[in-house]
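# Observations on the three-dimensional arrangement
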Amino acid sequence: MSPPAERTAPQVACAGVTKTFDGRGGGVQALAGIDLVLRPGGLTALVGPSGCGKSTLLRIIAGLEQPSGGSVLVDGAAPGALRARGEIAVAFQDASLLPWRTVEANVALALRLARRPSAPEKVARLIRTVGLEGFESARPAQLSGGMRQRAAIARCLVTEPRLLLLDEPFGAVDELTRRRLNLELPPIWQGSPTTALLVTHSIPEAVLLADEVIVMSARPGRIAARVSVDIERPRRARHLHTAEFHALVDQVGDLLGVDRDTEPVAV
Amino acid sequence: MRGDVLAPPVPVPGPVVRTVLGWAGVVVLWEVVARTALAGTRLIGTPTAMVAAAVEHAPLYGRALGVTLGEAAWGFLWGNLAAVLLAGLVAVLPFLERMVLRVALVVFCLPLVALGPILRVVFGFSDGPQITLAALAVYYTTLVPLLVGLRAVPAVWTDLVASYGRGRSSRWCGCARGPRCPTWRPGCRSPSRRRSSGRWSASSPGPSAAWAS
Ligand SMILES: Nc1ncnc2c1ncn2[C@@H]1O[C@H](COP(=O)(O)OP(=O)(O)OP(=O)(O)O)[C@@H](O)[C@H]1O
Ligand SMILES: [Mg+2]
């Protein structure tokens, strides 16, 4: 549709983003002054304690939620513009498959919603890639939680989005499959100009996939640290055993741990 | 030994036969009671007399039944159409839900006996009042399950549709379809059930003519 923009990965910049949810007891402040630039064409991982506002930030970047203050610019415009062209894909934290559609139809739904021509071969290929071969005509109720997440990832990738927002996409997947997906999925979009944001609770996953790991502090969410990951690409299983990888995992772990000590989560 | 215990000594008739026998028994009982204990009281007619009357006045009853069913069908159509449109309105403008439901409830609860004459004045001499009353009898029972079905759509589905840049109306078409339909179907009920009670036969010439004769 707009040719020049399509060939470059989108620039995503959050400036002073705050978010307060109105509530009976005065509201919940979820985010406090987030300044963040996602690496264009790269993957930024977001880690932080539960409830620190990771999903909220992701939703704000997707344009599904309005920030209470500050601004989010995607290619210099509000996220709505990219969204309206169907160039964002979000893997939601909660399973979001439509239960009356088969796996195949759920994946194909993204194409329809994004107003793209149907592409049965691409759908089938992605279903194979996420390891759901043979379950094309299964309904979500017949799948395990991890299988559902994998179907949701296939749905995210089928439209070849320019902005990929993944909210704990592998949370319910077993360790082995998770590692396999960690290694197999990124090459699918890393060949194309796609900017990706990954929310995860797994530090090794964050380090393995990301170009930069953003560590958030407990509520209200702030950016506590940024860790650059300069491990060469494509990343392979052997990278998991390098000293560099372990040092980075420890570094992020320390940053998360230190933060938990200084700012305990009120119960 | 076991076989002896399990095999019934007398064959029990199948469920269809039992149902037919049961109903036949009721009709026979009715006939007997009407002819003996209640004879001369003019309280209830006998089944045979009713069948005889129905056969004798078959053209009249047939015509009345046709008119009633036709009006009921139109009312069913209009009532459900109104419910679907109202639910669609609420789906696009959710803040209207409270108001729509309240007005719908008030209209639904208005006594039909009171509405009949008003509708007769409004519509003049036409099928309008009967069709409106039939529509009023069905629209609420369609509207409420439709709204319940819409509300049952998880937020994450609407987020999904929105994340591809689609608006509220495609949310309604795309993801509301699943939860909406199962709750909708039982909501569509027959207006003729209401009609046959004869509660507002005064304002409806079709069935009242049949009733009176
Ligand atoms: N719609 C909402 N209304 C009110 N409060 C909300 C809403 N969504 C999130 N919150 C609050 O905002 C805070 C951050 O929530 P969020 O879902 O972003 O956390 P998270 O970092 O994704 O946590 P997790 O790792 O457990 O998924 C939480 O305290 C939550 O209670
Ligand atoms: Mg979350």
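Residues numbered from 1 in each chain as written. Chains lettered and ligands numbered in written order. Predicted model: local features only at pLDDT ≥ 70, side-chain atom pairs only at ≥ 80, totals over all residues. Heavy atoms only, no water.

Here the magnesium ion (ligand 2) is held by A:S55 (OG) and A:Q93 (OE1), and the distances to it run 1.9 to 2.2 Å. Of this pair, A:S55 sits in helix α2 (residues 54-62) while A:Q93 sits in the loop between β5 (88-91) and α4 (103-113), and the two are 38 residues apart along the sequence. (Donors = N, O, S within 2.8 Å, 3.2 Å for Na, K, Ca; no water. Helix = DSSP H or I, 4+ residues; strand = E, 2+ residues; numbered from the N terminus.)

Residues and elements named next belong to chain A. Around ligand 1, 14 residues are found, and the nearest of them are S50, G51, K54, S55 and T56. Contact between ligand 1 and K54: an oxygen atom at 2.7 Å from a side-chain N or O atom of the residue. Starting from 630 Å² of accessible surface for ligand 1 in isolation, the protein chains cover 66%. Going through the elements one at a time, β2 (28-38) and α2 are the ones with two or more residues in the shell around ligand 1. Counting residues per element, the shell around ligand 1 draws most heavily on α2, which supplies three residues. (Near = heavy atom within 4 Å. Polar contact = N/O pair within 3.5 Å; in protein donor to acceptor, adjacent residues only side chain to side chain. Areas by Shrake-Rupley, 256 points an atom, 1.4 Å probe, with all protein chains shown as cover.)

The subject of this paragraph is the packing of helix α3 (residues 47-56) of chain B against helix α4 (residues 58-92) of chain B. Residues and elements named next belong to chain B. Following both chains from N to C, one finds α3 and α4 inclined at 85°, their axes separated by 5 Å at the closest point. On the basis of their axis angle, the class for α3 and α4 is roughly perpendicular. Contacts between α3 and α4 involve A53, A54, V55 and E56 on the former and, on the latter, A58, P59 and Y61. Considering only residue class, the contact of α3 with α4 consists of six nonpolar, no polar and one charged. (Axes fitted to C-alpha atoms, helices over the stretch in contact; angles between N-to-C directions. Parallel < 35°, antiparallel > 145°, perpendicular 65-115°, else oblique. Contact = heavy atoms within 4.5 Å. Nonpolar A, V, L, I, M, F, W, Y, C, P; charged D, E, K, R; others polar.)

A word on the packing of aromatic side chains. To describe a pair of aromatic rings, one takes the distance between the centres and the angle between the planes. Across all of its chains, the model carries three aromatic pairs over all chains by this definition. Taking the centre distance of 5.3 Å and the plane angle of 75° together, the rings of A:W100 and B:W157 count as edge-to-face. Taken together, the residues A:W100 in the loop between β5 and α4 and B:W157 in helix α8 (residues 155-163) connect one chain to another. Overall, the relative accessible area of 9% leaves B:W157 in the buried class. Look at B:F108 and B:Y140: their rings are 4.8 Å apart centre to centre, the planes differ by 20°, and that puts the pair in the stacked class. Residue B:F108 is located in helix α5 (residues 97-109), and its partner B:Y140 is located in helix α7 (residues 128-151); the two are separated by 32 residues in the primary sequence. In this structure B:F108 comes out as partly exposed when scored by relative accessible area, which is 21%. Through pairs of rings, three or more aromatic residues link up here, namely B:F108, B:Y139 and B:Y140. (Phe/Tyr/Trp six-rings, centres within 6.5 Å; stacked < 30°, edge-to-face > 60°. Buried < 20%, exposed > 50% of the residue type's maximum accessible area, 1.4 Å probe, protein only.)

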